[in-house]
Amino acid sequence: MKKNLIALAVAAALIVPASAFAADNSSNDNTGPVVYGYAQITGSTQFGTGPASVVNSNGSSSNGLIFGANRVRLGFKGEATQSVTYNIMGAWDNVGFGGNSGNLGYGNGLNNGLGTNWNGSSAGNAQLLDAWINFAPVSLAQLEVGKFKTPEGLEYNAVKGNELPFIFRNMGQSLLPGRTAGAMLHADDVMGTGVSYAVGIFDNASLDGGTVFSGGNTFGGGQSGFLNGNGKYITSGMLSYSMSPLLTAEVSGSMGTVSNGLTNTSDNDVSWNVGVRGGLMGITYAAGYTRVNGGLNNGYLNLPGNTPFKGDNTGSGTINASDWHVGLGANLYKMGLLPLDVEPVVRYDQYSVNDITGHPRGFGNLANTTIGVNYYVNPNNAHAAEIQLNYIIPSHRGGAFGNGYGNAGYRGFTGYDAPMNGLAYDTLMLQFQAGF
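Predicted model, so just to flag it, every value in this text is computed and none were measured. (Residues numbered from 1 in each chain as written. Predicted model: local features only at pLDDT ≥ 70, side-chain atom pairs only at ≥ 80, totals over all residues. Heavy atoms only, no water.)

(A) Here's a closer look at the overall build of the protein chain. When helices and strands are counted, the protein chain shows two helices and 16 strands. Within the protein chain, the proportion of its 436 residues that are buried is 43%. A separation threshold of at least 6 residues defines the contact pool for the protein chain, and within that pool the share at least 24 residues apart is 65%. For the protein chain, the accessible area works out to roughly 19900 Å², and carbon and sulfur atoms hold 62% of it. (Helix = DSSP H or I, 4+ residues; strand = E, 2+ residues; numbered from the N terminus. Buried < 20%, exposed > 50% of the residue type's maximum accessible area, 1.4 Å probe, protein only. Contact = heavy atoms within 4.5 Å. Areas by Shrake-Rupley, 256 points an atom, 1.4 Å probe, with all protein chains shown as cover.)

(B) Fine view of the pairing of strand 7 (residues 195-203). On strand 7, burial follows the alternation: Ser 196, Ala 198, Gly 200 and Phe 202 on one face are buried, whereas Val 195, Tyr 197, Val 199, Ile 201 and Asp 203 on the facing-out side are not. Pairing between strand 6 (residues 179-187) and strand 7: six bridges, direction antiparallel. Its bridge partner lying in strand 7, Ala 183 is registered against Ile 201. With nine bridges connecting them, strand 7 and strand 8 (residues 233-244) associate as antiparallel partners. Bridging across to strand 8, Asp 203 finds its partner in Tyr 233. (Pairing = 2+ DSSP bridges.)

(C) Local environment of the pattern of salt bridges. Applying the stated criterion across every chain, the model contains three salt bridges. Among the salt bridges present, the one from Arg 179 reaches Asp 130, with a minimum N-O distance of 3.0 Å. Of this pair, Arg 179 sits in strand 6 while Asp 130 sits in strand 4 (residues 127-135), placing them 49 residues apart in sequence. Side by side, Arg 179 and Asp 130 carry an identical accessibility label, which is buried. For Arg 347, the salt bridge identified is with Glu 155, shortest N-O distance 4.0 Å. On the criterion of sequence distance, the pair formed by Arg 347 in strand 13 (residues 341-355) and Glu 155 in helix 2 (residues 154-158) is long-range, its members being 192 residues apart. Of the two residues, Arg 347 and Glu 155, neither departs from the other in class, the shared state being buried. Here the salt bridges do not stand alone but share partners, grouping Glu 155, Arg 169 and Arg 347 into one network. (Salt bridge = Lys/Arg side-chain N within 4 Å of Asp/Glu carboxyl O.)

Purely geometric numbers; function is a separate question.
Laid out in structure tokens, this is it:
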């Protein structure tokens, strides 16, 4: 009996601490992965693009109705252990492939991620938009590493793609670095003051396409570039203040080096942004201004060194570009005016480029006025299912936006290019959204 008691005591001495250790290991606040996603199925048609017999440079008609998906997203997120969270999200859509949303049905069309072979594109492939890990043992200085949005632009960072009051974001997205890989220190609502901050350094070789910071970036030599970087980086930072739902204001900026094909042109880009947004009792507003100075290498700018102006590569200097926008919404359900959750919205957005060297093609203005209405099926979960109708009215003058789909005057057709999210023709869009 005594031996049994001794054996039991020894076993207890071994099992109890082991059980406690196992309990500590399993109590790691693992909440995932949580699966989430949404789809935005979009139809669009443009007006004034010319007769159906006229085709653009890729051999397709410039007229017609196009169906596709503005965004199709699927992600996984959760808490790996206490104070360590993660998020992985992929895209099967036009926005995810970094295409020029302004050229609907051309190149990177709305249906590019849905299995199309439009323009010989490798369709059906997914783009990894987000893949980050956030370490937050100290809430005042959290560390986020991986691929995610750089902290510049209030709308771009504060409003998710499935919560936008308009189908497209503003054209100022072309002047932001966008998503890329890097590391960032950040914190929200520091000590209850309403102040938030973020500052990070990013690899400029993994940027989204279609922005002024992306273009021709290459890795260094050796090992096929597997471990060698190109020695060029982008730093971005944001400081914001939220007083209440009535007002959130921010100032942000980025600077970095890019590769471009312009002769005698600096490869430094510097951008900055200010923005405000808020609302009360169903009335919402948003406004912002973004500006960039540097060597821009985007086809729609029609600058020296860029086709189709062959031989015209003697330019020098830098390019200034800017965008400003203001939007207003009125939710008639929240205002008690309708039993259905209906929200009329309107936005004015103007994008400008200016070649400070005075090159005749290095300037241009493009303005988009968007008139829309949103219908939210369930007012208690507005973005789970909604319908958006937008009519976009452009106004522009030549210069950087006077080039027709890659070749000015191709087959007698004079069209217009546009930056990301910009429309060069009157456009009617209808979008259906559902998410979980």
